Amino acid sequence: MRSLHAVLVERTSPRLVELFAAALDGSGPAILPLDGHLPRARLAELITAFAPDTVEDADGVTTTRSDQRIGVAESTAVIIGTSGSTGAPKGVELSASALLHSARASLARVDARPGQRWLCCLPVTHIAGVQVLVRSLVSGTEPVLATRADAETVASSGCAHVSLVPVQLQRLLADQSRQSDISTPLAGFASVLLGGAAAPQSLLDEARAAGVPVVTTYGMTETCGGCVYDGWPLDGVMVRVGSGGTDPSVSGGTGGAALASGRIWIRGPVLFSRYRGGVAGTEVVHDGWFRTGDLGQVDASGRLTVRGRTDDVINTGGHKVVPGEVAAVLGTCPGVLDVAVVGQPDAEWGERVIAVVVPADRADPPTLELLRLHVRQRLPRYASPSRVVIVDAVPMLQSGKHDIARLKLELLRREQTEAENVT
C-alpha cells in the first residue's frame, strides 16, 4: 500500500508542483489536495471520509494521523474530492498512468511545442488545475502559477497554453472591450482550453472573432478532466451514447457513426481507478465503460455534442426537456449575457421550464416573449420557458459550473418572499 498525503491548499505553489511530480513518478506519497479556505468543520469531515495518513497545512506543517493509516493502492497518484454540480462529495482515485496518458494526449491534440509553458490559474483542488501541472511536468516546462486570471496576469504570463472556465474567458473579453485600445489578453496563445461548464455559443463566437484559439473540452474528474476536445475524443478514448453495448460509438477521432442520442459512456486509459470514502464505483463502471451523468448525441460524422445532465431533465406536461439544450439556445438570444434553465414544480404541468437570465444590459433585459420565440425557432414548443427570472449573476461553483442546487434554493426563497408580500 502507498501512503496518502493531504495538502490544505490556499494558493498553488512550487511546493505543490514538487509534490505532484513525486506522486507521479512514485518517489512520494499519493496526494489529496483540499481547499484550505473551507470551514474547519467541512475540512474535518473530508479528512475523516478520505482518511489520509498525513495532513500538511497551509504553513507547511505536517501532522501524522496514526489512527488512520490505511493507505491507497500503489497505482494511485492523486485523489480529488468532487461533488459534481449536485451530488455528495466523493474521493476519485486517479492513477499516474491515467493522468499521464491524459496529459500526453492533450499536448498532442493542441500541438504543444517544446518549451511552450502553461498558465495555471485554476485551483489544483480540481482536476482541471491538476492537469495543467501534469501537462507542464510531461512537457518538461515550468508552469506559471497565478492566483487569478485577470487581463494583466494573462497578457504578461509569457505562456502559450491555458485552461479556463467560461466565466474567466467572459471576464477577459470584457476587460478587452472596456479598453478598446488593447488587444485581447489571450492574443498570442496557441490554445485556450475551455471546460468545467458548457460555454454559451455567443461567448465562443465572441472569443473566436477576437482571435482566441478556443478549444472546448468535455470530461469530469473520473476521466482525468477533459477527454473530448471540440467534440472529438482524445487518442485512446472511446465514447458512445445510449444505454447498451450496441450503441453507436466514436473513438479516437474516427467518424462514420449514425446519429444517436442518449446517456454518454466513456472508456479508455484515462478512467479513474475507484472511489474513496465509502462510495461504490462499481455502480458507474460496466465492462470498462464509465456511465456519466450526462446526455449527448453523436452526429453522422461521429462528433459528440453534450446536451445536458440526466438528473436535470424537466418533465413538463409529459414531455422531457433537457435544460442544457434550452440554455444553449437561449445563450444565443440577443441581450443574454448568461443563462441557466431549471425546472420548478407545477400542479398542472408537473414542472415548468424557468429561464434564469443575466442580461447584457440590466436596463433593457430580454422579454419572456423574445426568449420563447427564440427557443421555438430551434426547439419544440414545449421546451420554451414559461417564466423568466432576471438576476445580476447565476451562482457558481468553484469549478466554474452553475450551482444549480443553490440556484433552485434562491428561486424558492424568492417565490416565498413574493407570496408573503402579496399576502
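See the structure printed just above.
Bear in mind that the values here come from a model prediction, so they are computed numbers and not experimental data.

## Describing the sheet that holds strand 7 (residues 118-120)
Note: strands within a sheet are paired through backbone hydrogen bonds, in either parallel or antiparallel orientation.
Step number 1: One open sheet accounts for seven strands, arranged 8-7-9-10-11-12-13; its pairing is mixed. Here the strands that pair on one side only, and so sit at the sheet edges, are strand 8 (144-145) and strand 13 (232-233).
Step number 2: The pairing of strand 11 (residues 214-220) with strand 12 (residues 225-229) spans four bridges and is antiparallel. Pairing of Tyr218 across the sheet is with Val228, part of strand 12.
Step number 3: Seen against the sheet, helix 7 (residues 201-209) touches strand 10 (191-194) and strand 11 and runs at an angle of roughly 140° to strand 11.

## Here we look at the pairing of strand 6 (residues 90-95)
Step number 1: Counting buried positions along strand 6 gives six out of six residues, so the element sits mostly inside the fold.
Step number 2: Every second residue of strand 6 is oriented toward a common face, with Lys90, Val92 and Leu94 on one face and Gly91, Glu93 and Ser95 on the other, all of them buried.
Step number 3: Pairing geometry for strand 5 (residues 76-82) and strand 6, over six bridges, is antiparallel. Following the sheet pairing, Val78 is matched in strand 6 by Leu94.

## Some points on the sheet that holds strand 24 (residues 350-359)
Step number 1: Strand order in the open sheet made by the three strands is 23-24-25, with mixed pairing throughout. A single partner strand is all that each edge strand has here, and the edge strands are strand 23 (336-346) and strand 25 (387-390). Put simply, the sheet's adjacent strands are angled 25° from each other on average, direction ignored.
Step number 2: As judged from the four bridges shared by strand 24 and strand 25, these two strands associate in the parallel manner. Its bridge partner lying in strand 25, Ala355 is registered against Val388.
Step number 3: Against the sheet, helix 8 (residues 323-330) engages strand 23 and strand 24, with an angle of about 145° to strand 23.

Parameters and conventions
- Residues numbered from 1 in each chain as written.
- Predicted model: local features only at pLDDT ≥ 70, side-chain atom pairs only at ≥ 80, totals over all residues.
- Heavy atoms only, no water.
- Pairing = 2+ DSSP bridges.
- Helix = DSSP H or I, 4+ residues; strand = E, 2+ residues; numbered from the N terminus.
- Contact = heavy atoms within 4.5 Å.
- Axes fitted to C-alpha atoms, helices over the stretch in contact; angles between N-to-C directions.
- Buried < 20%, exposed > 50% of the residue type's maximum accessible area, 1.4 Å probe, protein only.

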